[in-house]
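Structural description and commentary
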Amino acid sequence: MTYNYYLNFSNNSNKISIKLYLRENKYCIVLNTKEFIESKAGLSLNEVAKKYWDSKAQKVKSNYIGSPEINQYLDLFKSNIQKKVRLYKIDHPDCNFDDLRTLLIDNTKSKKDFYSVYNDFCEIKKNEVTAATIQKHTRLLNYIKEFETAAKYPINFNTINLFFKDKFCQFLIDYKKQSNNTISKNLDFLKTYLLWAADRGLTSNFEFKKFKMKLTETDVIALTQNELEKIYNFDFSNNLAYDRVRDVFAFCCYTGQRFSDVCKFKFSDVKDNVWYLRQQKTKDVNNVPLSNNALAIIDKYQSQGLLKLPTISNQKTNSHLKNVMSSIGLNDLVTITSFLGAERIETTYKKYELIGTHTGRRTFITLSLEKGMRPEVVMQISGHRDYKSFKKYIKLSNIVKIKEMNEIWNDDKSKITKIA
């Protein structure tokens, strides 16, 4: 079977369609690639072909605007069709040309496009992942739509390739001012969707598996032991809202759990000073031993007749937290480094401006390690499945590093006699 591209006039007289012809003996299947070459009215097909089309190389000439994108798409389109035919013939050795026609034309017509399938994916996943995750997928979908318009890059399952990745990443840097790490997260969300679609036979394009964005080490914001004690003991009796937000945040610091799980936490989940938790994000069961400070917070609200901690929305909690931290004087300057492509960006904040509900989880992990708790035990309590995801939360203070260095290298046994 031969596979060759040819130009045809479309219904729009200013557009010349590019179509793939599959021929075997006297039989022929014509597939519309949905790509085209624009021409000025009055030009013949031969004139357009001579000016913009290389029939021998089977590609658009470099003098046509957008030729790299079109040619990459055409290569991928042909490759996908060839693969589909090959696999079908392996599974159906007695198939005839009409069977192939049905496979390539009829099935293609009935398939949904990239966007409608993505919407289906989000709808289905609502019962499996958190609302925040669905929001991130929806936001990514809007980015892709904006990119398609701005870059004039046609979006379908076949055009999601490495060329798309390069242009889309540049779009997120230039127009959305996203850091490399944020872009990497967006690519991961896109890969999750595309893998889901591929598993269901909605795409046979697996180039997305090659998508990568170089990550830079993130600045981990955590409280020191002194800062945590200051927050825990600060008198907010004149401000009930701040008092409650402080207590909920401190509970996150003393348990290492996500704010979403703390919001779902009921005092009846505690048995023998252990919180029996089913994590909202991972659905895993986690048994969390409760420290004296965590139990004191529970006792405070149990004595008021409450059945759970007085949590409010994540957004309102973060807003109040910044005021709480400002009230106790968390004004140390902290410089955060990020990268937009190759550009290094350094921004300085007061520490209280960087505190959010997730700081509690980071604080628990950091302080637990500083106090000498083994990493595998900390991971068990925090509910991390692997060290890779756990590692990003770790930030040991300089004091701990100096202490460890002195204990290991400056003890009596390790002293080296001075050379004469």
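All values derive from a computational prediction rather than experimental measurement. (Residues numbered from 1 in each chain as written. Predicted model: local features only at pLDDT ≥ 70, side-chain atom pairs only at ≥ 80, totals over all residues. Heavy atoms only, no water.)

Details of the packing of helix 4 (residues 114-125) against helix 7 (residues 180-199)
Geometrically, a packed helix pair is captured by the angle between its two axes and the distance between the axes. Following both chains from N to C, one finds helix 4 and helix 7 inclined at 95°, their axes separated by 10 Å at the closest point. By the angle between their directions, the pair helix 4 and helix 7 is classed as roughly perpendicular. The residues of helix 7 that touch helix 4, namely those facing F114, V117, Y118, F121, I124 and K125, are F189, L190, T192, Y193, L194 and W196. Its residues assigned to classes, the contact of helix 4 with helix 7 shows 10 nonpolar, one polar and one charged. (Axes fitted to C-alpha atoms, helices over the stretch in contact; angles between N-to-C directions. Helix = DSSP H or I, 4+ residues; strand = E, 2+ residues; numbered from the N terminus. Parallel < 35°, antiparallel > 145°, perpendicular 65-115°, else oblique. Contact = heavy atoms within 4.5 Å. Nonpolar A, V, L, I, M, F, W, Y, C, P; charged D, E, K, R; others polar.)

Details of helix 11 (residues 292-302)
Within the span of helix 11, buried status applies to A294, L295, I297, I298 and Y301. In a view along the axis of helix 11, the buried residues occupy a sector of 155°, so they form one face of it. (Buried < 20%, exposed > 50% of the residue type's maximum accessible area, 1.4 Å probe, protein only. Arc of directions from axis to C-beta.)

Brief notes about unusual backbone geometry
The phi torsion at D272 lies on the positive side, around 55°, for a residue other than glycine. Unusually for a residue other than glycine, N273 sits at a positive phi of about 65°. Among the secondary structure elements, N273 is positioned in the loop between strand 6 (270-271) and strand 7 (274-278). When its relative accessible area of 43% is taken as the criterion, N273 is described as partly exposed.

As for a positive patch on the surface
A contiguous patch of positive charge on the surface is contributed by K136, R139, K185 and K281. Among the structural elements, R139 can be located in helix 5 (residues 131-151). (Patch = residues over 30% accessible without salt bridge, like charges linked within 9 Å, V, L, I, M, F, W, Y side chains within 5 Å. Areas by Shrake-Rupley, 256 points an atom, 1.4 Å probe, with all protein chains shown as cover. Salt bridge = Lys/Arg side-chain N within 4 Å of Asp/Glu carboxyl O. Lys, Arg positive; Asp, Glu negative; His and termini not counted. Charge placed at Lys NZ, Arg CZ, Asp CG, Glu CD.)

A word on the packing of aromatic side chains
A full pass over the atoms with the stated rule returns 31 aromatic pairs. When the centroid spacing of 5.2 Å and the interplanar angle of 10° are considered together, the rings of F164 and F168 count as stacked. Taken together, the residues span about one helical turn, with F164 and F168 both in helix 6 (residues 162-174) at a distance of four residues. When sorted by exposure, F164 lands in the same class as F168, which is buried. Three or more aromatic residues joined by ring pairs form one cluster here, namely F147, Y153, F163, F164, F168, F171, Y175 and F211. It is K15 that lies over the ring of F36; its NZ or CZ is 4.3 Å from the centre. Above the plane of the ring of Y115 lies K145, whose end atom (NZ or CZ) is 5.5 Å from the centre. (Phe/Tyr/Trp six-rings, centres within 6.5 Å; stacked < 30°, edge-to-face > 60°. Lys NZ or Arg CZ within 6 Å of the ring centre and 35° of its normal.)

Some words on the sheet that holds strand 3 (residues 27-38)
With respect to topology, three strands assemble into an open sheet ordered 1-2-3, the strand pairing being antiparallel. Edge positions in the sheet fall to strand 1 (2-9) and strand 3, since each of these pairs with one other strand and no more. Across this sheet, the average inter-strand angle for adjacent strands is 25°, counted without regard to direction. In terms of strand pairing, strand 2 (residues 15-24) meets strand 3 through 10 bridges, oriented antiparallel. (Pairing = 2+ DSSP bridges.)

Comments concerning the sheet that holds strand 6
On the basis of which strands lie adjacent, the open sheet formed by three strands has the order 6-7-8 and antiparallel pairing. Bordering the open sheet on either side are strand 6 and strand 8 (285-289), each of which pairs with just one other strand. Pairing geometry for strand 7 and strand 8, over five bridges, is antiparallel. In the sheet register, V274 faces strand 8, and the bridge partner there is P289.

Considering the side chain of N186
Tracing the sequence through the fold places N186 in helix 7. At 2.9 Å, the side chain of N186 and the side chain of Q178 are in polar contact. Setting aside chain neighbours within four positions, we find N186 in contact with L140, Y143, L172 and Q178. (Polar contact = N/O pair within 3.5 Å; in protein donor to acceptor, adjacent residues only side chain to side chain.)

Re the pattern of salt bridges
When the charged atoms of two side chains with opposite charge come close together, those side chains can pair. Inspection of the entire model under this criterion finds 14 salt bridges. Between K126 and E123 there is a salt bridge whose closest N-O contact spans 3.3 Å. According to the relative accessible area criterion, E123 is partly exposed, its value standing at 49%. A salt bridge links E376 to R374, with the nearest nitrogen and oxygen atoms 3.4 Å apart.

Description of the nonpolar core
Of all hydrophobic cores here, the largest spans 46 residues; its most connected members are L223, F251, F265, W275, L290, L309 and M325. The dominant element in this core, judged by the number of residues it contributes, is helix 9 (residues 240-255), at nine residues. Ignoring anything within four residues of it in the chain, the contact list for L290 reads F251, T255, V270, N273, W275, L295 and I298. Listed in part, the 33 residues of the second largest apolar core include L140, F168, F171 and W196. (Core = buried A, V, L, I, M, F, W, Y, C linked by side-chain atoms within 4.5 Å.)

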